[in-house]
Amino acid sequence: MASTAFLEMTGVRKRYGGVTALDGADFAAEAGTVHAVLGPNGSGKSTLLKVLTGVVAPDEGEVRLNGRALRPRGPRDTAEAGISAVYQELSLIDDFSVLDNLVLGVEPRKRGVRDRAAARRLALPWLERFAEAFGGRVPVDERVADLDPGERQVVEVCKALVRQPRVLVLDEATASLRRRQVEVLFDVVRELRESGVLVLFITHRLAEILAVCDRATIMRNGSDIRTVTIAEVPERDLVELMVGELAAAESTESSATDEVRLDVDGLSAGRLHDATFQVRAGEVLGLGGLQGQGQSHLLSALFGALKPRAGTITLDGETVQSRSPKQAVRAKIAYVPGDRGSQGLALGRPILENFALPSAGRRAWLGIGLSRKRELAAARAVAERISTRYGSLDDPVSTLSGGNQQKIVVGKWFPTEPRVVLMDDPAKGIDVRAKAELFHVVRELAASGAAVLISASDDRELVELCDRVLVLFEGRIVDEVEGDRLTEETLVSSAMHITEADRAVATTATADTDPAAPEREDS
Amino acid sequence: MNTLTARAGTSVSNLTRARMPMVATTVLLIVTVTAAATLQGNFFTPYGMTANFATILPIATVAVAQTIIVLSGGIDLSIGTIVTLSSVVTVRLMDGGDPSQVPLALAAGLATGAACGLFNGLLVAVLRLQPIVATFATSFVFGGVALLVLSSPGGTVPAVLTGGYRQVFAYLVPVPALLLLVLWLAWRLLRAQRIGQYLYAVGGNAGASYASAVPVTWVRVFAYTAGGTVAALAGVALLANSGSGDPFIGNELTLGSIAALVIGGTRLRGGAGGAGGSILGAIILTLIQNLVFFAGVPTNARELVNGAIIIIAIALAGLLTARSERAGRSEGRTA
């Protein structure tokens, strides 16, 4: 009966050091369905799917695919069994062309030699299918390093599809995708379902689950809680199952004061053109709009990582010329990058060190001597403040779940008492609960008097968290939203600025004195 | 429309960026060849060509061997002693000058090189020792075994090899130059295989390769084994050039091979570059040494001048590569 399921995982256990990732999880799914795996960060859903794809070897447990036991010793074995995965951390070779990446590991051969023509025939249909997601082009020969994050994610999806899988695992695959890219992906997912493929789907976006999934298994604390049919469960119950006991979103109270902390005038850098705005102490200012409209460049320029072409930055009445991140840190500007793996954390180093890094200098005796006791005390205080769960402060950061890692990226700035905190999409790919906790941390930073600038790919986050939101389009600030106007609907329509040009003009005209009045570009 | 032109711009700069290291290497090659032809009167004569290519071939071969390893993300500090060990094994087996022993001796030399490489590969890929430390240690092992096989310089190499090595075809094409061409063709053939692509993949991002079902461990072992085998070929070339065996004959080639591949545009942390550039790098490196000699630099100052010029060459190659990479990264962020 139960053994008739297409994919079956029973009693899977996995421990990393002191943290139990999977505690006897069971899982079953049928071919020709789209099956969501839901749960808070650290609930073990990523680990469960990594056991399936052979990236992680379980301590215990069994996997059966189509009635046959699967004991993969690595991704090679699972690839042969017809399992393909799109990972959260990308599995692409930056220096390779898109084509070379798509066929990596499955290069067609003719007389022992790689057959590029056949590789092209294999890969092109998928790239063409996703052309719309690449902005209408088919980037076969472009280098992966030259693509933007969303496009790389699409390449990753194509790479999984080229392998013609029977089971396709999408682990947080939509997190960095734009709306249009997601739509194309979902069309393809529906086609795959028709042809009998099992699609396993990890996401934190409720709308996506409702749009494309047939069934869902909810995980918590390393084991499965319940498996439901999406159509039979009301939306509110789903949210409750996903989030657990914590309330979804608490409305936050503004801690903004009247004191202008950061004054930016005519700043141009990278993609950003002529940005003028002010942030007050204790205020949380959001940067909205479609992805890649200059939000990251604005934050990088403020942090001194990107050289401005023009404009002035004034911090507490003093002109700042941050030519390097080091100077910015000295001026008490903190930066939380979007890519926590490569920019925000030393993944292999202990949690303690990661906490201590930005502030070590100020606790050092005579500037050089570090006391372990003092470091520990400082780290514990922060860990408690942001309620991070960890095995030991000496464990590497990589043993923590994504949500907890991200809280450390934010929390490590606390002891420096920053005056300005810059955050580049900090909640990307973390679950509702961790997100709520992270936002709590952000509000605490603001309450302590910091001016917070935050970009987010999810408009709902901005509405929940921010006092005021600047909407960017093609590098320009095109709208400023606050108070009652601060809703998802306003943000979405403002972000589409150009396509709804007339409406945008009308709204900005009624909005009070926006120093950066929209300058329309003819498209 | 804006994005279209931007895209076109990106792909053009992509092209130049990919070619950047090659451009730097070619410029260096032209400069050194011109200087050599000016200073060395007999440069473009059969004698000059033979003499130059006879010295270039061994270092170029070791550079190719090292390139295979470095591309896969490793490094081999024992490669010079592998050259030595396989050459002394070869010379011991063909000592006496009987031409009929030559094939067996060559096969044994190649097998020795392959075995040394395999040993390195197992240490690095299976036992996961740090490549620098592991191969530093094995360099003493291989060097020590070489001393046991041939304790002092000696042994004669059959005339078939030494004579053949000095042949010149069509007035200006010496045999070592032809062998260099064969070496490059063999590299192109390797590059066209799956394994050739996997060297780059593993060196570029081992984790991503593993997740893409590339046999990472096997690729690493292969790289070291292939490198050891090619290094053994360099040992044979040295024998043919010098005419006798020497238990230290190749030891100095290790760092030369690394310098040559860097000048040739191969990235030391792996994943980018190629053996073609390394061959050019070896040519440049050898010509620089000759130049210092022919320019009449006093004997005691030669090492110093030689070193200074190599630093300039490496810096030039490195600067151009680094700049092109930086451009690539910042553009990637913008796009």
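Every value quoted in this text rests on a predicted model; they were computed, and no experiment measured them.

Residue and element names in this part refer to chain A. Ordered by their spatial adjacency, four strands build an open sheet running S2-S1-S4-S5, and the pairing between neighbours is antiparallel. The open sheet has two free edges, formed respectively by strand S2 (19-29) and strand S5 (68-69), since each of these has just one partner strand. Sheet topology places strand S1 (residues 7-16) next to S2; eight bridges connect them, and they run antiparallel. Note on S2: the bridge partner recorded for Leu-7 is Ala-29.

The next thing to look at is the pairing of strand S10 (residues 198-202) of chain A. Residues and elements named next belong to chain A. Counting buried positions over the five residues of S10 gives five, a clear majority of the element. Residues Leu-198, Leu-200 and Ile-202 point to one face of S10 and Val-199 and Phe-201 to the other, with burial holding for every one of them. Examined bridge by bridge, strand S3 (residues 34-38) and S10 share four bridges and lie parallel to one another. Counted as the bridge partner of His-35 is Leu-200 from S10. Across five bridges, the pairing between strand S9 (residues 167-171) and S10 is parallel. Across the sheet, Leu-170 pairs through a bridge with Phe-201, a residue of S10.

Now for the confidence of the model for chain A. All names here are of chain A. The share of residues in chain A with pLDDT of 70 or more is 82%, and the mean pLDDT across the chain is 79. By mean pLDDT, helix H19 (residues 501-510) is the weakest element of chain A at 42, and helix H3 (residues 98-102) is the strongest at 93. The low-confidence segment residues 245-250, where pLDDT is below 50, has eight contacts with residues more than four positions distant or belonging to other chains. Low confidence marks residues 498-523, where pLDDT is under 50. Its contacts with residues over four positions away, or in another chain, come to 28 contacts.

Contact with chain A, which involves 29 residues of that partner, is made by 26 residues of chain B. Counting residues per element, the ones that place at least two in the side of chain A that touches chain B are helix H2 (75-80) and strand S8 (113-114) of chain A. The leading source of residues in the side of chain A that touches chain B is H2(A), at three residues.

Residues and elements named next belong to chain A. Topologically, Asp-26 is positioned in strand S2. Looking at Asp-26, the number of C-beta atoms within 10 Å reads 16, which means it is partly exposed. In sequence terms Asp-26 and Phe-439 are 413 residues apart; their C-alpha atoms lie 33 Å from each other. Discounting chain neighbours no more than four positions away, the residues touching Asp-26 are Met-9, Thr-10, Gly-11 and Asp-224.

The next thing to look at is the nonpolar core. Nonpolar side chains in soluble globular proteins tend to end up buried together. Residues Leu48(A), Val169(A), Leu200(A), Ala60(B) and Val64(B) are the most contacted members of the largest nonpolar core, which totals 165 residues. Per element, the largest residue contribution to this core is 17 residues, and it comes from helix H10 (residues 216-242) of chain B. For Val64(B), the residues in contact, after removing those within four places along its chain, are Leu183(B), Trp187(B), Val230(B), Ala275(B), Ser278(B) and Ile279(B). In this structure, Phe303(A), Ala379(A), Ala434(A) and Leu445(A) belong to the second largest nonpolar core, which totals 75 residues.

All names here are of chain B. Put simply, helix H3 (residues 79-94) and H10 touch, their axes get as near as 8 Å, and they point 55 degrees apart. Viewed along their axes, H3 and H10 adopt a mutual orientation that is oblique. Between H3 and H10 lies a crossing whose hand is right-handed. Residues Ile-79, Ile-82, Val-83, Thr-84, Ser-86, Ser-87, Thr-90 and Val-91 of H3 lie in contact with H10, whose contacting residues are Gly-227, Gly-228, Ala-231, Ala-232, Ala-234, Gly-235, Val-236, Leu-238 and Leu-239. Looking at the contact of H3 with H10, its residues break down into 10 nonpolar, seven polar and no charged.

Each value, and the rule that gives it
Residues numbered from 1 in each chain as written. Chains lettered and ligands numbered in written order. Predicted model: local features only at pLDDT ≥ 70, side-chain atom pairs only at ≥ 80, totals over all residues. Pairing = 2+ DSSP bridges. Helix = DSSP H or I, 4+ residues; strand = E, 2+ residues; numbered from the N terminus. Buried ≥ 20, exposed ≤ 12 C-beta atoms within 10 Å, placed from the backbone. pLDDT = per-residue confidence, 0-100. Contact = placed C-beta atoms within 7 Å. Core = buried A, V, L, I, M, F, W, Y, C linked by C-beta atoms within 7 Å. Axes fitted to C-alpha atoms, helices over the stretch in contact; angles between N-to-C directions. Parallel < 35°, antiparallel > 145°, perpendicular 65-115°, else oblique. Left-handed = near helix turned anticlockwise from the far one by under 90°. Nonpolar A, V, L, I, M, F, W, Y, C, P; charged D, E, K, R; others polar.

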